[in-house]
Amino acid sequence: NILSGTALIRFQDCDPFQHLNNSKYLDYFLNSREDQLLSFYNLDVYQLAREEKIGWVVGQSQISYLKPAFYMEKVNIETQLIKFSERSVTVEMRMTNIGKTVLNSILWSTFVHVDLKDGNVKQHSSKLMELFENVLLPVEEEIFEIRAGKLRKSTK
């Protein structure tokens, strides 16, 4: 499933050129994904952390900044689960203009499932594995740079 939401680029997140600061793209992506998980799947990652003492930490991220997002621009953020294992999930996140004609950025982020009590890597529960199987939407490309190039060409 492709989940979608919007965000407004804020002044405090921009550089002197009124572009979204590179480090802030990650914040917008992760905040949007968190909101989408709650809205679309009723999956509250903070509730899981509090009650079940489980969570995910970023194990790896690959990001391409293709076109700047500007101060007060409304952007669309789409996310999808592109692969998973017993111990991790990989999510693709894309930021575009509202009309989805300009790709600002693409991110692949792999999150490792952890036991928050001891910090060790943990296997996903059967309930989570079932959810992942139901929402998985893999992409054809297995190499990030090839995927980013293909998406960039399709939005020119």
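Let me begin by describing the structure that accompanies this report. In this text the structure is predicted, and so the values were computed from the model without any measurement.

Quick word on helix 3 (residues 126-135)
Turning to step 1, where the next piece is worked out: Buried residues of helix 3: Leu128, Met129, Phe132 and Val135, and no others. Considered in projection along helix 3, the buried side chains sweep an arc of 140 degrees and stay on one side of the axis. Exposed and oriented more than 90 degrees from the buried face of helix 3 are Ser126, Lys127, Glu130, Glu133 and Asn134.
Turning to step 2, where the next piece is worked out: Buried residues belonging to helix 3 abut helix 1 (22-41), strand 2 (54-65), strand 3 (74-84), strand 4 (88-97) and strand 5 (103-115).

Structural notes on helix 1
Turning to step 1, where the next piece is worked out: A rise of 1.5 Å per residue sets the reference length of helix 1, with its 20 residues, at 28 Å; its end C-alpha atoms lie 29 Å apart and thus fit the reference within 8%.
Turning to step 2, where the next piece is worked out: The set of residues buried in helix 1 consists of Tyr25, Tyr28, Phe29, Ser32, Arg33, Gln36, Leu37 and Tyr41. Looking straight down helix 1, one finds that the buried residues subtend no more than 165 degrees of arc, so they occupy a single side.
Turning to step 3, where the next piece is worked out: Phi turns positive, to about 55 degrees, at Asn42, one or two residues after helix 1.

A look at the pattern of salt bridges
A side chain with one charge can pair with a side chain of the opposite charge if their charged atoms come near.
Turning to step 1, where the next piece is worked out: Throughout the structure, instances matching the rule amount to 9 salt bridges.
Turning to step 2, where the next piece is worked out: Glu78 serves as the salt-bridge partner of Lys100, at 2.9 Å between the closest nitrogen and oxygen. Of this pair, Lys100 sits in the loop between strand 4 and strand 5 while Glu78 sits in strand 3, and the two are 22 residues apart along the sequence.
Turning to step 3, where the next piece is worked out: The partly exposed category is assigned to Lys100, whose relative accessible area is 43%.
Turning to step 4, where the next piece is worked out: The class of Glu78 is buried, set by a relative accessible area of 15%.
Turning to step 5, where the next piece is worked out: The residue Arg147 makes a salt bridge to Glu92 at a minimum N-O spacing of 2.8 Å.

Examining the sheet that holds strand 1 (residues 3-8)
Turning to step 1, where the next piece is worked out: If you walk across this open sheet you meet the 5 strands as 1-3-4-5-2, and the pairing is antiparallel. Only two strands of the sheet have a single neighbouring strand rather than two, namely strand 1 and strand 2. Between one strand axis and the next, the sheet turns by 25 degrees as a mean value, whatever way the strands run.
Turning to step 2, where the next piece is worked out: In this sheet, strand 3 lies alongside strand 1 in antiparallel orientation, the contact comprising 6 bridges. Bridge assignment links Gly5 to a residue of strand 3, and that residue is Ile77.
Turning to step 3, where the next piece is worked out: Strands in contact with helix 1 are strand 1, strand 2, strand 3, strand 4 and strand 5; relative to strand 1, the strand with the most contacts, it is inclined by about 130 degrees.
Turning to step 4, where the next piece is worked out: Taken strand by strand, helix 3 contacts strand 2, strand 3, strand 4 and strand 5, and its axis lies near 115 degrees from that of strand 3.

What about the packing of aromatic side chains?
Turning to step 1, where the next piece is worked out: All told, the structure shown has 4 aromatic pairs when counted by the stated rule.
Turning to step 2, where the next piece is worked out: Judged by centre distance (5.6 Å) and plane angle (55 degrees), the rings of Phe84 and Phe132 are tilted. Highlighted residues: Phe84 in strand 3 and Phe132 in helix 3, separated in sequence by 48 residues.

How each quantity is defined
Residues numbered from 1 in each chain as written. Predicted model: local features only at pLDDT ≥ 70, side-chain atom pairs only at ≥ 80, totals over all residues. Heavy atoms only, no water. Buried < 20%, exposed > 50% of the residue type's maximum accessible area, 1.4 Å probe, protein only. Helix = DSSP H or I, 4+ residues; strand = E, 2+ residues; numbered from the N terminus. Arc of directions from axis to C-beta. Contact = heavy atoms within 4.5 Å. Expected span 1.5 Å × (residues − 1). Salt bridge = Lys/Arg side-chain N within 4 Å of Asp/Glu carboxyl O. Pairing = 2+ DSSP bridges. Axes fitted to C-alpha atoms, helices over the stretch in contact; angles between N-to-C directions. Phe/Tyr/Trp six-rings, centres within 6.5 Å; stacked < 30°, edge-to-face > 60°.

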